[in-house]
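Results of the structural survey
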Amino acid sequence: MDEVLSILSEIKPDVDFTAETGLIDNTILDSFDIVQLVQELKDKFDIEISPAELIPENFNSAEAIWKMVQSLQ
């Protein structure tokens, strides 16, 4: 989980990712941010994120992102 928080903080350093639960719903992360995040996750965790996983539920919070990463490992 710390790795996910670190990646997110590099993308948007001014956001408290430990508390935010609407990263997509509240447009905190835009499409460019998601593309960057997906690439960083793929590189860091050696996972393949398919288009089917690119849904708001998987990216609305750091915890949701971490759960997706764990399920893909």
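To be clear, the structure that these remarks concern was listed above.
Attention here is on the structure that accompanies the text. (Residues numbered from 1 in each chain as written. Predicted model: local features only at pLDDT ≥ 70, side-chain atom pairs only at ≥ 80, totals over all residues. Heavy atoms only, no water.)

Here the focus is unusual backbone geometry. Across residues other than glycine, the phi torsion is negative in most instances, and most of the peptide bonds are trans. At T27, a position not held by glycine, the phi torsion is positive, near 50°. Not every positive phi belongs to a glycine, and D46 is a case in point at roughly 55°. When you line up the elements, D46 lands in the loop between α2 (31–45) and α3 (56–59). D46 sits in the exposed class, given a relative accessible area of 73%. (Helix = DSSP H or I, 4+ residues; strand = E, 2+ residues; numbered from the N terminus. Buried < 20%, exposed > 50% of the residue type's maximum accessible area, 1.4 Å probe, protein only.)

Where like charges cluster on the molecular surface, the negative patch consists of E10, E40, D43 and D46. Tracing the chain through its elements places E10 in helix α1 (residues 2–11). Judged by its relative accessible area of 57%, E10 is exposed. (Patch = residues over 30% accessible without salt bridge, like charges linked within 9 Å, V, L, I, M, F, W, Y side chains within 5 Å. Areas by Shrake-Rupley, 256 points an atom, 1.4 Å probe, with all protein chains shown as cover. Salt bridge = Lys/Arg side-chain N within 4 Å of Asp/Glu carboxyl O. Lys, Arg positive; Asp, Glu negative; His and termini not counted. Charge placed at Lys NZ, Arg CZ, Asp CG, Glu CD.)

Bringing the pattern of salt bridges into the picture now. Scanning the model with the defined rule gives three salt bridges in all. Of the charged contacts, one joins K42 and E48 as a salt bridge, the two residues approaching to 3.3 Å between their closest N and O atoms.

Once that is clear, we can look at α1. Of the positions making up α1, those classed as buried are V4, L5, I7, L8 and I11. The buried residues of α1 occupy one face: seen down the axis, they fall within an arc of 160°. Turned more than 90 degrees away from the buried face of α1 sit D2 and E10, all of them exposed. Contacts from the buried residues of α1 go to α2 and α4 (62–72). (Arc of directions from axis to C-beta. Contact = heavy atoms within 4.5 Å.)

Here we take up the nonpolar core. Ranked by size, the top nonpolar core spans 22 residues in total, and within it V4, L8, L37, L41, F45 and I65 carry the most contacts. Secondary structure elements with two or more residues in this core: α1, α2 and α4. Ignoring anything within four residues of it in the chain, the contact list for L37 reads I7, L8, I11, L29, F59 and I65. (Core = buried A, V, L, I, M, F, W, Y, C linked by side-chain atoms within 4.5 Å.)

Take the packing of α1 against α2 next. What describes two packed helices is the angle between their axes and the distance between those same axes. Axis separation between α1 and α2 bottoms out at 10 Å; the angle between their running directions is 145°. Judged by the sense of rotation from one axis to the other, the crossing of α1 with α2 is right-handed. Taken together, the residues of α2 that come into contact with α1 (itself represented by E3, V4, I7, L8 and I11) are D33, Q36, L37, E40, L41, K44 and F45. Classifying every residue of the contact of α1 with α2 by side-chain character gives seven nonpolar, one polar and four charged. (Axes fitted to C-alpha atoms, helices over the stretch in contact; angles between N-to-C directions. Left-handed = near helix turned anticlockwise from the far one by under 90°. Nonpolar A, V, L, I, M, F, W, Y, C, P; charged D, E, K, R; others polar.)

All quantities given are derived from atomic positions and should not be read as evidence of function.
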